[in-house]
Amino acid sequence: MPSVADWLRGRKRQIERREPGLWVKCPGCSETLYRKDLELNLLVCGRCGHHFRMPAADRIVSLIDGEFHEIAADLEPRDPLQWTDVKTYPQKLAADREKSGAVEAVIAGFGSMGGIEIGLAVMDFFFRGGTMGAVVGEKIALLFEESARRRVPAIVCTASGGARMEEGLVALMQMAKTSAALTRLQDARLPYICVLTDPTTGGVSASFAFDADVIVAEPKAVVGFAGRRVIEQTIRQRLPDDFQTAEFLIEHGHVDLIVDRHQLKAQLVQVLSMLLPGTGAGVPA
Amino acid sequence: MNVIVEREKGLLELEQRIGDLKALSEQHPEASFAAEIRALEEKYASLQREIFGNLTAWQKVHMARHPMRPRATAFIAALDEFVELHGDRAFRDDPAVIGGIGRLEGRRILVLAQQKGRDTKENVRRNFGMVHPEGYRKGLRLMRLAEKFSLPIVTYIDTSGADPGIGAEERGQSEAIAQCILQLTRVRVPVLAAVIGEGGSGGALAFGVADRIIMLEHSIFSIASPEGCAAILWKDAGKAEEAATRLKLTGSDLKGLGIVDHIVAEPLGGAHRDVDATVTSLLREQASSLDALAMLPLERLLQERYAKYRRIGSWQSQSDRMVRGAT
Ligand SMILES: [Zn+2]
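Residues numbered from 1 in each chain as written. Chains lettered and ligands numbered in written order. Predicted model: local features only at pLDDT ≥ 70, side-chain atom pairs only at ≥ 80, totals over all residues. Heavy atoms only, no water.

**Focus: the interface of chain A and chain B**
Alright, step 1. Contact residues are listed per partner, giving 62 residues for chain A and 52 residues for chain B.
Alright, step 2. Summed over both sides, the interface of chain A with chain B buries roughly 5000 Å², with 66% coming from carbon and sulfur.
Alright, step 3. Looking only at chain A, the three residues that lose the most surface to chain B are R78, M165 and F225 of chain A, adding up to 15% of its buried area.
Alright, step 4. For the interface between chain A and chain B, the tally reads three salt bridges.
Alright, step 5. The partner of R186 of chain B in a salt bridge is D187 of chain A, with the nearest N and O atoms 2.2 Å apart.
Alright, step 6. For the side of chain A that touches chain B, the secondary structure elements donating two or more residues are β4 (75-77), α5 (134-150), α6 (168-172), α7 (174-187) and α9 (228-235) of chain A.
Alright, step 7. The dominant element in the side of chain A that touches chain B, judged by the number of residues it contributes, is α7 of chain A, at 12 residues.
Alright, step 8. Of the residues that constitute the side of chain A that touches chain B, the class distribution is 34 nonpolar, 15 polar and 13 charged. (Contact = heavy atoms within 4.5 Å. Buried area = accessible area lost by both parts, 1.4 Å probe. Salt bridge = Lys/Arg side-chain N within 4 Å of Asp/Glu carboxyl O. Helix = DSSP H or I, 4+ residues; strand = E, 2+ residues; numbered from the N terminus. Nonpolar A, V, L, I, M, F, W, Y, C, P; charged D, E, K, R; others polar.)

**Focus on the coordination of the zinc ion**
Residues and elements named next belong to chain A.
Alright, step 1. Protein-derived ligands of the zinc ion are C26 (SG), C29 (SG), C45 (SG) and C48 (SG), with the metal-ligand distances lying across 2.3 to 2.4 Å.
Alright, step 2. With four donor atoms in place around the zinc ion and angles of 107 to 112 degrees between them, the coordination shape is tetrahedral.
Alright, step 3. The sequence pattern describing where the donors of the zinc ion fall on their chain is C-x2-C-x15-C-x2-C. Taken together, the positions of C26 in the loop between β1 (23-25) and β2 (32-34) and C45 in the loop between α2 (35-40) and α3 (56-63) put the pair 19 residues apart, joining distant regions of the chain. In terms of burial, C26 and C45 fall into one category: buried. (Donors = N, O, S within 2.8 Å, 3.2 Å for Na, K, Ca; no water. Tetrahedral: all angles 85-135°; square planar, octahedral: opposite > 155°, others 65-115°. Buried < 20%, exposed > 50% of the residue type's maximum accessible area, 1.4 Å probe, protein only.)

**A look at the confidence of the model for chain B**
Residue and element names in this part refer to chain B.
Alright, step 1. Averaged over all residues, the pLDDT of chain B is 94; the fraction at 70 or higher stands at 97%.
Alright, step 2. Scored below 50 in pLDDT, residues 320-327 makes 21 contacts in the model with residues more than four places away or belonging to other chains.
Alright, step 3. Quick note on the complex model: pTM equals 0.94, ipTM equals 0.94. (pLDDT = per-residue confidence, 0-100.)

**Some words on the pattern of salt bridges**
All names here are of chain B.
Alright, step 1. The final tally for this structure, using the stated rule, is 42 salt bridges over all chains.
Alright, step 2. Among the ionic pairs, R137 bridges to E175, the shortest N-O distance being 3.0 Å. With R137 in helix α6 (residues 133-148) and E175 in helix α8 (residues 173-186), this residue pair connects regions lying 38 residues apart in the sequence.
Alright, step 3. Owing to a relative accessible area of 25%, R137 belongs among the partly exposed residues under this scheme.

**Some thoughts on a nonpolar patch on the surface**
Residues and elements named next belong to chain A.
Alright, step 1. Residues L22, W23 and Y34 make up a contiguous nonpolar surface patch of about 340 Å² in total accessible area.
Alright, step 2. Structurally, Y34 is set in strand β2.
Alright, step 3. Among the residues examined, Y34 registers a relative accessible area of 32% and is labelled partly exposed. (Patch = residues over 30% accessible without salt bridge, like charges linked within 9 Å, V, L, I, M, F, W, Y side chains within 5 Å. Areas by Shrake-Rupley, 256 points an atom, 1.4 Å probe, with all protein chains shown as cover.)

**Structural notes on the nonpolar core**
Alright, step 1. In this structure, F144 and L196 of chain A together with F221 of chain B are the most contacted members of the largest nonpolar core, which totals 135 residues.
Alright, step 2. For this core, the two domains that each supply at least three residues are domain 1 (3-54) and domain 2 (62-311) of chain B.
Alright, step 3. Aside from chain neighbours lying at most four places away, what touches F221 of chain B is L169, L172 and M173 of chain A together with V195, G199, S201, A204, L205, M215, L249 and L254 of chain B.
Alright, step 4. Grouped together as the second largest cluster of nonpolar side chains are 25 residues, L63, V122, V216 and V269 of chain A included. (Core = buried A, V, L, I, M, F, W, Y, C linked by side-chain atoms within 4.5 Å. Domains from an automatic or database assignment.)

**Here's the deal with the packing of aromatic side chains**
Alright, step 1. Within this structure, the stated rule accounts for seven aromatic pairs over all chains.
Alright, step 2. Centre to centre, the rings of W23 of chain A and Y34 of chain A are 5.1 Å apart; their planes meet at 50 degrees, and the pair counts as tilted. Here Y34 of chain A lies in strand β2 and W23 of chain A lies in strand β1, a separation of 11 residues in the sequence.
Alright, step 3. Accessibility expressed as a relative area gives 52% for W23 of chain A, which makes it exposed.
Alright, step 4. Aromatic pair Y136 of chain B and F207 of chain B: ring centres 5.8 Å apart, planes at 75 degrees, arrangement edge-to-face. With a gap of 71 residues between them, Y136 of chain B in helix α6 and F207 of chain B in the loop between α9 (201-205) and β6 (212-216) connect regions that are remote in the sequence. Grouping residues by exposure puts Y136 of chain B and F207 of chain B together as buried.
Alright, step 5. The ring of F110 of chain A has R150 of chain A sitting right over it, with the charged end atom 3.9 Å from the ring centre. (Phe/Tyr/Trp six-rings, centres within 6.5 Å; stacked < 30°, edge-to-face > 60°. Lys NZ or Arg CZ within 6 Å of the ring centre and 35° of its normal.)

**Focus: the layout of surface pockets**
Alright, step 1. Of the volumes computed, that of the second largest pocket is approximately 270 Å³.
Alright, step 2. If you trace the second largest pocket, you find it lined by A180, T183, R184 and D187 of chain A together with T185, R186, R188, E299, L302, Q303 and Y306 of chain B.
Alright, step 3. Sorting the residues of the lining of the second largest pocket by element identifies α7 of chain A together with α8 and α14 (298-311) of chain B as the ones contributing at least two each.
Alright, step 4. Residue composition of the lining of the second largest pocket, grouped by class: three nonpolar, three polar and five charged. (1 Å grid on protein atoms, 1.4 Å probe; cavity = no way out; pocket = protein on both sides within 12 Å on 5 of 7 lines; lining within 4 Å. Points joined across faces, edges and corners; volume = space filled by probe spheres on them.)

Rendered as structure tokens:
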């Protein structure tokens, strides 16, 4: 049986490659942080608590107990529109693969978390801005269907700029595909928890993210339908700094909880243990 | 500036001249203008074919946004009967959404429509067809009503997108759209969507998940506006025309991708040149689609809807490069 560490070794270690180097400047407090310390602290600034964006593989390691069985790991996008802007779509995909070490914008699979068997999908903002095309849609749909079949709850950690423009309406329709698959989990009366991480917008926030039974957000995560710039252009005024943050969302009643990354696993386990009858072993058929 | 409106100017001039000549020949029956009138009419017809015979994607974008294009109200007015039902029961009635119960050539239906204005005053009231969360929640309430009373849901899509404003975000635009999409994937009555103008992104899709999707010939359905797409991917708003082509947002493109089921032809020159004919054609197609859907046992209808959306989008596998999926 592969452990999470084995599974991870099979993939390239994903770290934030946009700012390579030993030192990272914290956008929250401007402190210069030692990268190794930051990684040991779940990419949370030890000084001000700023939550850095987390690559999907690191997130999975932080949540899963022992083994992680990835599903549909080898799915790669096709190019339904033969898309070209300043580059071709396949060129962009190759560049993102190289830069992020990820093969797509989501990793999905099964494992146990605090002794509870779960289906887990984690989106990766470092690959195409976490955008949802046919592969992301397929993996999320498979996660919901397969969780229903195995009678285990599902957790999705979102980080996405929305539907992937380069796949056109095919990408937009993944909003319907993932929602349809989610009904299987709902009909099986199994919990689905969404963890909104920075940033989650557009076609992902307006589909499976906000259809969850319990919605958790990381501190200061920006979550909304329209992008900040689009809104500012439309209303021709500057938005307040806290607009569309997790704190804004909880004040307006759109999320259940804001949870610090260090408490996330324990909090998810506690919620699931109360939603599920029996202790931790899923629901009997 | 609307490129179709610009191109129509030459036609309207000719129309005016033909009208003037006809009036003149009535006042002066002794003089014969017949030959001149015929020549102008031939010129008119050939110009019309030249302009509208083969519209590009970019021209269709502008046709879909034409200020004279028939709105949802034009189609709703042609129903046998219609009772509008207002409000989301929580915040307010969103004028960008028209919902209600009606009868389409004898068939009981529930109508959900995105409504743009026909003039500036109505556009201000209807927010240019951009729906707020309360509009989607009105839709959600009516979807449940439809299910309870076994009314097939007929939707009309015509929006540049969901409202991108402060209030919309404060009231949960994402959640409102997400709930509509989810509800339509599972609602236990037939759903028939018709794109009549602009189908803009998730805000359009909220009423666009359906057993069958019909598009008027010159309507569009897109993940983003060509202007927005150009600004994001090319970082150059000037590339909007190229983006329109590449996005594959026309009815024929989308039928090719397996997303759209039927295209309803428009009169030469577009739906606004003969609204009655357009309304009649669409209603006829809706009636026959509703009859086809009514033939399916409910469980099969729901299975087919599930399978249809489950299939959209294909991928290849890294190891064997095997091509799977439908499109
Ligand atoms: Zn800091």
